[in-house]
Amino acid sequence: VATPVITPDQIDASNARLEAEAVRDYAHLGEQLARRGVDIEDILADIMAFKVAVPSWGMGTGGTRFGRYPIAGGPNNLFEKLEDCAVIQQLTKATPRVSLHFPWDKVKDYDELKGFAASLDLGFDAVNSNTFQDQAGQSLSYKFGSLTHADAPTRQQAIEHNLECIEIGQKLDAKALTVWLGDGSNFAGQSDFTRALERYLDSMAVVYAGLPDDWRVFMEHKLYEPAFYSTVIQDWGTSILCAQKLGPKAQCLVDLGHHAPNVNIEMIVARLAQFGKLGGFHFNDSKYGDDDLDAGSVNPFQLFLVFNELVEAKGRDPQCFDPAYMLDQSHNITDPIESLMMSVNSILQAFTKALLIDRVALRGHQDGNDPLMAHATLKEAYDTDVRPILKIARLRTGAAIDPLGVYRASGYRAQKAAIRVTQGATGGGIV
Ligand code: PSV
Ligand code: MN
Ligand code: MN
């Protein structure tokens, strides 16, 4: 059983200092929104209910193929990673679940893990398989593919790993498996596009058959890397075709960084939602490619437009529309806890602003062919300073009004540096 990482006193003391101002700002924004016909308490309720999972693999400092700069007090194992996740949850109350990755996350005793997580107020979200690397002692190599490998025993090995991930996930009360694979080719002619996809579908059909009734499998597309000429599940088109072929439990996962520059991701989101195939998200931001930068740090307007589509889709189908929200970032030069807390804030800002869009007016301008006013309706929402809502949401959920301030003042990392071993600056790798 873990001890609380930031004491409630630290949060309370900071909140006591900031509360009066936050309440005044909230009341003022409430008045402004009332003039626009919006009840701020309705918005607040949605924001307090919104949760996004954090990735276990995002807790360590990331790296590139050029190297890695570990921070003192960074986590060395899954238990230490969970402690760090707990800090994010304590301070934001928006991240109660952790997405694990196997076999990166080494577990000896699942009951012990579950108990430890529960003592930190944490549960588990979608489990992720890994057939994009060879592990020590693995009998068959994934150098030329995994679920789509030309060799049946290699495909079988990859299938079995995914089935094992489902078994593990069941022990942890997860409800979904995310499959991202690096299979593809580096040379024109190296791979037959059609046969490779057939093999993917055959392999995934076996994985699909292993899903419990209340589970989903998310297929995560990615344009390129590590294969640089072609990737088997390269875009949402291939992804949705496969999801439709496999069945209702198969859905598509949108990682915001996995598209060509300038692609209209919000439109992809709308299409997938329209056909009931939007399974989930990996939030991050990107400037050039799969940069895994912090969500909302490069293009917060795009994030807002994505949430506009999500709010729209939820409005159309409130009962069934239920994508899984997760973060997937690589923190190369910041403390991952700080980056993730900022990212959660950016995501919540985008969601709040999307909730403020006057949808009746928007529809009127769309159908009345008034592009300027339609756009102005979006901008009216986007330009609203919604920070008071997020502060009050944190106050009412027992989180910190100022998560970053409390975290910095707590000296958490320095305390951990005294206990945890700091790893050497070796290795690079993708996240
Ligand atoms: C590789 O691009 C990647 O970042 C994918 O986004 C996966 O979600 C993640 O690694 C973990 O497998
Ligand atoms: Mn991802
Ligand atoms: Mn990625």
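Residues numbered from 1 in each chain as written. Chains lettered and ligands numbered in written order. Predicted model: local features only at pLDDT ≥ 70, side-chain atom pairs only at ≥ 80, totals over all residues.

- You'll find the chain entered in an unreviewed UniProt entry as L-rhamnose catabolism isomerase, with Asticcacaulis machinosus given as the organism.

### Quick notes on the overall build of the chain
Step number 1: Broken down by element type, the chain carries 15 helices and 11 strands.
Step number 2: The C-alpha radius of gyration computed for the chain amounts to 22 Å, which stays within 12% of the reference 22 Å derived for 431 residues, consistent with globular compactness.
Step number 3: Dimensions of the chain along its principal axes, counting C-alpha atoms only, are 65 × 60 × 40 Å.
Step number 4: Expressed as a percentage of the 431 residues in the chain, the buried residues total 45%. (Helix = DSSP H or I, 4+ residues; strand = E, 2+ residues; numbered from the N terminus. Rg over C-alpha atoms; globule rule 2.2 N^0.38 Å. Buried ≥ 20, exposed ≤ 12 C-beta atoms within 10 Å, placed from the backbone.)

### A closer look at the sheet that holds strand 1 (residues 54–55)
Strand pairing in a sheet relies on backbone hydrogen bonds, with the paired strands running either antiparallel or parallel.
Step number 1: Here 3 strands make up an open sheet; going across it, the order is 1-2-3 and the pairing parallel. Edge positions in the open sheet fall to strand 1 and strand 3 (123–124), since each of these has one partner strand only.
Step number 2: Note: strand 2 (residues 97–99) against strand 3, 2 bridges, orientation parallel. In the sheet register, Val98 faces strand 3, and the bridge partner there is Phe124. (Pairing = 2+ DSSP bridges.)

### Focus on the pairing of strand 10 (residues 278–283)
Step number 1: The buried count for strand 10 comes to 6 of 6 residues, which makes it a mostly enclosed element.
Step number 2: Where strand 9 (residues 250–255) and strand 10 come together, 4 bridges link them in parallel fashion. By the bridge assignment for strand 10, Asp255 is matched with His282.
Step number 3: The handedness of the strand 9 to strand 10 crossover, carried by helix 8 (residues 265–274), is right-handed. (Right-handed = clockwise from strand over helix to strand, strands pointing away.)

### Let's talk about the environment of Tyr229
Step number 1: Along the chain, Tyr229 falls in the loop between strand 7 (216–220) and strand 8 (230–231).
Step number 2: Its 13 C-beta neighbours within 10 Å are what place Tyr229 among the partly exposed residues.
Step number 3: For the pair formed by Tyr229 and Asp109, sequence separation is 120 residues and the distance between their alpha carbons is 41 Å.
Step number 4: For Tyr229, the residues in contact, after removing those within four places along its chain, are Ser185, Asn186, Phe187, Ala188 and Gln190. (Contact = placed C-beta atoms within 7 Å.)

### Notes on the nonpolar core
Step number 1: If you look at the biggest cluster of nonpolar residues, it comprises 104 residues, and the most contacted ones within it are Val52, Val217, Met219, Cys252, Ile347 and Ile389.
Step number 2: Here the element with the most residues in this core is helix 10 (residues 336–355); it accounts for 10 residues.
Step number 3: Setting aside residues no more than four positions away along its own chain, Ile347 makes contact with Val52, Phe283, Ala295, Gly296 and Leu303. (Core = buried A, V, L, I, M, F, W, Y, C linked by C-beta atoms within 7 Å.)

### Brief notes about the sheet that holds strand 11 (residues 324–327)
Step number 1: Overall, parallel pairing links the 6 strands, which are arranged 4-5-7-9-10-11 in an open sheet. Here the strands that pair on one side only, and so sit at the sheet edges, are strand 4 (127–128) and strand 11.
Step number 2: Taken together, the 2 bridges between strand 4 and strand 5 (residues 176–179) define a ladder with parallel strand orientation. Residue pairing in the sheet places Val127 in a bridge with Leu177 of strand 5.

### Here we look at the confidence of the model for the chain
Step number 1: When pLDDT is averaged along the chain, the result is 96, and 97% of the positions lie at 70 or above.
Step number 2: Counting interchain partners and residues more than four positions distant, the pLDDT-below-50 stretch residues 425–431 has 18 contacts.
Step number 3: Confidence estimates for the predicted assembly give a pTM of 0.96 and an ipTM of 0.98. (pLDDT = per-residue confidence, 0-100.)

### Structural notes on unusual backbone geometry
Step number 1: That bond from Phe102 to Pro103 is cis: its omega, 5 degrees, falls within 30 degrees of zero.
Step number 2: Tracing the chain through its elements places Pro103 in the loop between strand 2 and helix 4 (110–119).
Step number 3: Following Glu225, the chain continues into Pro226 via a peptide bond in cis, with omega recorded as 10 degrees.
Step number 4: Position of Pro226 relative to the elements: it lies in the loop between strand 7 and strand 8.
Step number 5: The phi angle at Asn369 is positive, at roughly 55 degrees, despite the residue not being glycine.
Step number 6: Assignment of secondary structure puts Asn369 in the loop between helix 11 (359–367) and helix 12 (371–382).

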